[in-house]
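Notes for the structure review
In case you want the letters, here they are:
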Amino acid sequence: MSLPFLYHGQTHEWVSLNQRTLTLTLVTDKTTPFSQVFIRHEPDNEEHFSPMTLSKETEHLRYWQGSFELRHDQPLNTYTFKLITGNQQFWLSAYGITKRMPGLEKHFKTNPEHQPPSWVKEQVFYQIFPDRFANGKPEISTQTGEYQIAGASKTVVAKPWGEPVDDHGGNGGYEFYGGDLYGVANKLDYLQDLGITTLYLNPIFAAPSNHRYDTMDYYNVDPHLGTNQDFATMCDDIHQRGMKVVLDAVFNHTSTEHPWFNRLGWHQESGAYQSAQSQYRDYYFFEGETEQYIGWKGVSSLPVLNFENQQVREAIYQSDDAIIKHWLKAPYNIDGWRFDVIHMLGEGDGAKNNAHYVKAFRESAKAVNPDSYILGEHFFEATSWLQGEQEDGSMNYYGFAHPLRALLANTDIALDPIRIDMLEFRDWLAEARAKVPWDNQLAQLNQLDSHDTPRFFTLLNENEALFKIAATFLFTYVGTPCLYYGTEIGMAGGSDPDNRRCMEWDRVKDSEYFPFFKDLIQLRKTHPALQHGNLVELYCDQECFVFARQFEEDVVIVGMNLADYEKVVKLSKEYVELLDLSACELVLQGKQTLIV
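These remarks concern the structure in this document. The model shown is predicted, which means the values in this text are computed figures rather than measured ones. (Residues numbered from 1 in each chain as written. Predicted model: local features only at pLDDT ≥ 70, side-chain atom pairs only at ≥ 80, totals over all residues. Heavy atoms only, no water.)

Secondary structure assignment for the protein yields 14 helices and 31 strands. Principal axes of the C-alpha set define a box for the protein whose edges measure 80 × 55 × 45 Å. For the protein, with 596 residues in total, the buried portion stands at 60%. Relative to all contacts within the protein whose residues are 6 or more apart in sequence, the contacts with residues 24 or more apart total 65%. Within the structure as shown, the protein displays about 23100 Å² of accessible surface, and the carbon and sulfur contribution to it stands at 47%. A gap of 4 Å separates the mean positions of the 50 positive and 82 negative side-chain charges of the protein. (Helix = DSSP H or I, 4+ residues; strand = E, 2+ residues; numbered from the N terminus. Buried < 20%, exposed > 50% of the residue type's maximum accessible area, 1.4 Å probe, protein only. Contact = heavy atoms within 4.5 Å. Areas by Shrake-Rupley, 256 points an atom, 1.4 Å probe, with all protein chains shown as cover. Lys, Arg positive; Asp, Glu negative; His and termini not counted. Charge placed at Lys NZ, Arg CZ, Asp CG, Glu CD.)

Have a look at this one:
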């Protein structure tokens, strides 16, 4: 027996909340004689079936409606649909249609109490690695030999803009090209013309390395980037343009040159490394009174913070002027935080009580700005952090970048070979979406590449057709798109640090990709369906995937064809009626995407 037509969207047309009652709409075909239709939910961790009644019939479809009361013991609610015909049953979950009850991880999820900021899903983000974006004030740039870092084993080097990075000498973190906040401010017109609405800046606080993930002063902008006042002025300009700004926060570890640690003695007060009697000793993890300590992933220049220490908690998130709160307040008024390796921080080795601290970070930020965006970095699955109470969204490697890389570049995140077809790609995406409440799906940050991955263009061997397919998917799929600087002009680059080349400004004017990305951004910004619309899977085979994004009257259909030949896809009468289309037949040329 073939599968029936079943569909349930997750926007307000399909899910409505009145006080504590959730009312759901389900649509089925008219040819399958369902005798019973239920909503399965768990009000007290035990299953309960709420009946659905037929509310409307059209030429090809039946609409069913049912409701249930939200749980009283927790904010997260899950549900799935059970339908019976004769001696056969079908289940519809967020993953899709099955003939048996799906596991709880595949059920639809909603958390009305904890919602991401509504503005996030409407944005187009742009990630900037400050040292490599633009040099606006050369006189403040780092100079060769200015200081030594990495336990005095490395000396910083200043390099001319655009010169190749040191890809093999182990000096990637110590080469400076002079990008600064003045350069960012000078390029706001460029970013606004491209269509960017939110800037995500890699760390800008004082630090010895060029990546600045080794913070040594959380309250001051690195002087080689500018001043606190410069940043406040830039934030004001950004906000006056109707744009937003999100900063990178590194709270799992500090630099060895932070005053709390003070390995090289740059600061007057005795640090944790210098003395077992230092007031900061318990800020980190030492073996007794020795100089042996825990570094992030064994990296000695990044000593891990101990959140069992009350002073650490006060400094990071608890006090009135805690770091998380400080930058959300005037005169900066940043709009959110991206938390580096947020899954690793906690008490001791193994990130004990991690969920407690992520929740506390969220509460600290929301206490200052309830509309602030809490974004976590997770290279792998982030499901447990994305149920509403912790993060609004994550850098969506698991549910976007990994499957797209496997499909188009045939490589995984470790650069090992992998081959999947479009059916497996569709399943990967559906599984990742199903695990997360709908509003958090929309707040996921989708990227083709970042400062931690090779450039996608390079992974594709600079294949123009595949690059355009990837870019189209970025701006049409569920979640919020983010461009890593230079992606809009097809910049190349291998693994870190080669993926952090200087922005190639001389290529912008003649880039064939810049107008392509500009059009994609405009498409997304003018279609509510692409910002917060349902995803409706219309067709999938091994080489071709067609889906729609739908919100109220707005419908966008996207087709991806990886075959070398033309494919014709005819939509079923149920989909045509559901989406209020005229009879629809799509013709996809080989190796292309189609948007209608």
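Contact geometry of helix 4 (residues 310–318) with helix 6 (residues 354–368) gives a least axis separation of 10 Å together with a crossing angle of 45°. By the angle between their axes, helix 4 is oblique relative to helix 6. Contacts from Arg313, Ile316 and Tyr317 in helix 4 reach His356, Tyr357, Ala360, Phe361 and Ser364 in helix 6. In the contact of helix 4 with helix 6, the residues fall into five nonpolar, two polar and one charged. (Axes fitted to C-alpha atoms, helices over the stretch in contact; angles between N-to-C directions. Parallel < 35°, antiparallel > 145°, perpendicular 65-115°, else oblique. Nonpolar A, V, L, I, M, F, W, Y, C, P; charged D, E, K, R; others polar.)

Turning to the nonpolar core, a few remarks are in order. Counting residues in each nonpolar core, the largest one holds 131 residues, and the members touching the most others are Tyr126, Leu199 and Phe231. Among the elements that line this core, the one with the most residues is helix 11 (residues 464–476), at eight residues. Grouped together as the second largest cluster of nonpolar side chains are 41 residues, Phe5, Val15, Leu22 and Val536 included. (Core = buried A, V, L, I, M, F, W, Y, C linked by side-chain atoms within 4.5 Å.)

A few words now on the state of the cysteines. This model, assessed by the stated rule, comprises zero disulfides. The closest cysteine sulfur to the non-disulfide-bonded Cys482 is located on Cys235, 17 Å from its own sulfur. Judged by relative accessible area, Cys482 falls into the buried class, the value being 2%. A disulfide-free cysteine, Cys540 has its sulfur positioned 7.7 Å from the sulfur of Cys544, the nearest such atom. (Disulfide = S-S within 2.5 Å.)

Our next topic: helix 4. Among the residues of helix 4, Val312, Arg313, Ala315, Ile316 and Tyr317 are the ones counted as buried. End-on, the buried residues of helix 4 take up no more than an arc of 165°, which puts them together on one face. Check the buried side of helix 4 and you find it contacts strand 19 (217–221), helix 5 (323–326) and helix 6. With a side-chain oxygen positioned 2.8 Å from the backbone nitrogen of Gln311, the residue opening helix 4 is Asn309. (Arc of directions from axis to C-beta. Polar contact = N/O pair within 3.5 Å; in protein donor to acceptor, adjacent residues only side chain to side chain.)

This part is about the packing of helix 7 (residues 397–408) against helix 8 (residues 422–434). Their axes nearest at 9 Å, the elements helix 7 and helix 8 cross at an angle of 170°. Taken together, the axes of helix 7 and helix 8 are roughly antiparallel relative to one another. For the pair helix 7 and helix 8, the contacting residues are Tyr398, Gly399, His402, Pro403, Leu404, Ala406 and Leu407 in the first and Met422, Phe425, Trp428, Leu429, Glu431 and Ala432 in the second. For the contact of helix 7 with helix 8, the class distribution of residues is ten nonpolar, two polar and one charged.

Applying the stated criterion to the full structure yields 30 salt bridges. Note that Asp222 is salt-bridged to Arg212, the shortest N-O span being 3.1 Å. Pair noted here: Asp222 is in the loop between strand 19 and helix 3 (228–240) and Arg212 is in the loop between strand 18 (205–206) and strand 19, with a separation of ten residues, a long-range link. Here Asp222 falls in the buried class, since its relative accessible area comes to 3%. Taking the relative accessible area as the measure of exposure, Arg212 reaches 1% and is therefore buried. Asp496 is paired through a salt bridge with Arg500; the nearest N and O atoms lie 3.3 Å apart. For Asp496, a relative accessible area of 43% puts it in the partly exposed group. One network of salt bridges, with partners in common, ties together Asp248, Arg338, Asp340 and Glu377. (Salt bridge = Lys/Arg side-chain N within 4 Å of Asp/Glu carboxyl O.)

The next point concerns the sheet that holds strand 12 (residues 125–128). In spatial order, the strands read 23-22-21-20-17-12-25-24; together these eight strands make up an open sheet with parallel pairing. Strands at the two margins of the open sheet, each flanked by one partner only, are strand 23 (393–394) and strand 24 (445–447). Sheet analysis places strand 22 (residues 373–376) next to strand 23, joined by two bridges and oriented parallel. Counterpart to Gly376 in the pairing with strand 23 is Ser394. (Pairing = 2+ DSSP bridges.)

On to the pairing of strand 7 (residues 61–69), then. Relative to strand 7, strand 3 (residues 21–29) runs antiparallel, the two being bridged by nine bridges. Opposite Val27, over in strand 7, you have Tyr63 as the bridge partner. Between strand 6 (residues 53–57) and strand 7, which follow one another and run antiparallel, lie three residues.

For the rest of this paragraph, the subject is the side chain of Arg132. Checked against the element boundaries, Arg132 lands in the loop between strand 12 and strand 13 (148–149). Side-chain polar atoms of Arg132 contact the backbone oxygen of Arg500, separated by 2.7 Å. In this structure Arg132 touches Trp161, Val165, Gly172, Glu175, Tyr177, Gly179, Asn210, Tyr485, Arg500, Arg501, Cys502 and Met503, once residues within four positions along its chain are discounted.

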